[in-house]
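# Descriptive structure summary
So the chains spell out like this:
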Amino acid sequence: MFLVRKISRAKWDSRNNIARGLSEGEIAADAVTGDLRTRGNAVSFWQCSDFGNAGIEDTALAIAAAGDRLDKLDIVWISERDLTGDGHVLENTEGRTPVRDFIDRHVDVCSLDYVRLGKLAVHVHLAIQKKQCRRLAKSQIKTLLGSAISNGRISLQDLHEGIRNEIHDTAQ
């Protein structure tokens, strides 16, 4: 099983970090504070067992449908086993997404402190180096959302107004 999270890929890019005065392999503070924001000493992830296109797209749908605007989406995936093996505590929690069949596939990496958050950042960094990340273009996200609406998996009314407007504008 893997845990998936939305990230800002550019923040983790070594070339960008070197240009900002960091050395090769160092993780930028902006990546950690921006992409691994905690709430209640926890960071939110989605579970995914299938990393074929269908699994990635399902997870991307759950993440994108919970957003407030239609945009490209960068995701990273980390082995659940690697995290628990490194001492991280995982807790299944109810996910906030209009994709009803994904609500119970939400996991928090919890009981985080400064050291554990740093270890989590290292896992994200290593996953990106191992190419365990993918960018879905805005057009792909729009297609995923449109298909999910068409087949009744999600309701247009359950989406944020910004996404509804963009989908509605292109449907006319």
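Here, every reference points to the structure presented above.
Report on the accompanying structure. (Residues numbered from 1 in each chain as written. Predicted model: local features only at pLDDT ≥ 70, side-chain atom pairs only at ≥ 80, totals over all residues. Heavy atoms only, no water.)

### Quick word on the packing of aromatic side chains
- Counted by the stated rule, this structure contains one aromatic pair.
- Seen from their ring centres, W46 and F102 are 6.0 Å apart, and the 55 degrees between their planes marks the pair as tilted. Of this pair, W46 sits in strand β2 (residues 43–48) while F102 sits in the loop between β4 (89–93) and β5 (106–110); the two residues are 56 residues apart in sequence, bridging distant segments of the chain. For the pair shown, W46 and F102 are each scored as buried.
- Above the ring of F45, the side-chain terminus of R5 is found at 6.0 Å from the ring centroid.
- Its guanidinium or amino end placed over the ring of F102, R105 lies 3.9 Å from that ring's centre, counting from NZ or CZ. (Phe/Tyr/Trp six-rings, centres within 6.5 Å; stacked < 30°, edge-to-face > 60°. Helix = DSSP H or I, 4+ residues; strand = E, 2+ residues; numbered from the N terminus. Buried < 20%, exposed > 50% of the residue type's maximum accessible area, 1.4 Å probe, protein only. Lys NZ or Arg CZ within 6 Å of the ring centre and 35° of its normal.)

### What to know about the nonpolar core
- By size, the foremost hydrophobic cluster in this structure holds 25 residues, and its most contacted members are L61, I75, L136, I141, L145, I154 and L159.
- The element contributing the most residues to this core is helix α4 (residues 53–65), with seven residues.
- Contacts of I75, omitting those with residues within four sequence positions, involve V4, R5, K6, I56, I63, Q132, C133, R134 and L136.
- Counting 20 residues, the second-largest nonpolar core is a separate cluster that includes W12, V76, V109 and L120. (Core = buried A, V, L, I, M, F, W, Y, C linked by side-chain atoms within 4.5 Å. Contact = heavy atoms within 4.5 Å.)

### A word on the pairing of strand β1 (residues 2–7)
- In this sheet, β2 lies alongside β1 in antiparallel orientation, the contact comprising three bridges. Note on β2: the bridge partner recorded for F2 is C48.
- Where β1 lies against strand β3 (residues 73–79), six bridges are found, and the strand directions are antiparallel. Bridging from a neighbouring strand, L3 pairs with I78 of β3. (Pairing = 2+ DSSP bridges.)

### Concerning a positive patch on the surface
- On the surface, K6, R37, R39, K72 and R96 cluster together into a patch of positive charge.
- Here R37 shows up in the loop between α3 (29–35) and β2. (Patch = residues over 30% accessible without salt bridge, like charges linked within 9 Å, V, L, I, M, F, W, Y side chains within 5 Å. Areas by Shrake-Rupley, 256 points an atom, 1.4 Å probe, with all protein chains shown as cover. Salt bridge = Lys/Arg side-chain N within 4 Å of Asp/Glu carboxyl O. Lys, Arg positive; Asp, Glu negative; His and termini not counted. Charge placed at Lys NZ, Arg CZ, Asp CG, Glu CD.)

### Thoughts on the sheet that holds β2
- What the six strands build is an open sheet, ordered β4-β5-β2-β1-β3-β6; its pairing is antiparallel. Taken across any chain shown, the strands that pair with only one partner, and hence form the sheet edges, are β4 and β6 (133–136). Strand-to-strand, the axes of this sheet are offset by a mean angle of 35 degrees, without reference to chain direction.
- Running at roughly 110 degrees to β3, helix α6 (residues 114–129) makes contact with β1, β2, β3, β5 and β6 of the sheet.
- Helix α7 (residues 138–150) rests against β3 and β6 of the sheet, and its axis sits at about 80 degrees to β6. (Axes fitted to C-alpha atoms, helices over the stretch in contact; angles between N-to-C directions.)

### Details of the pattern of salt bridges
- Counted under the stated rule, the structure contains seven salt bridges.
- Between R69 and D71 there is a salt bridge whose closest N-O contact spans 2.9 Å.
- Linked by salt bridges that have partners in common, D58, D101 and R153 make up one network.

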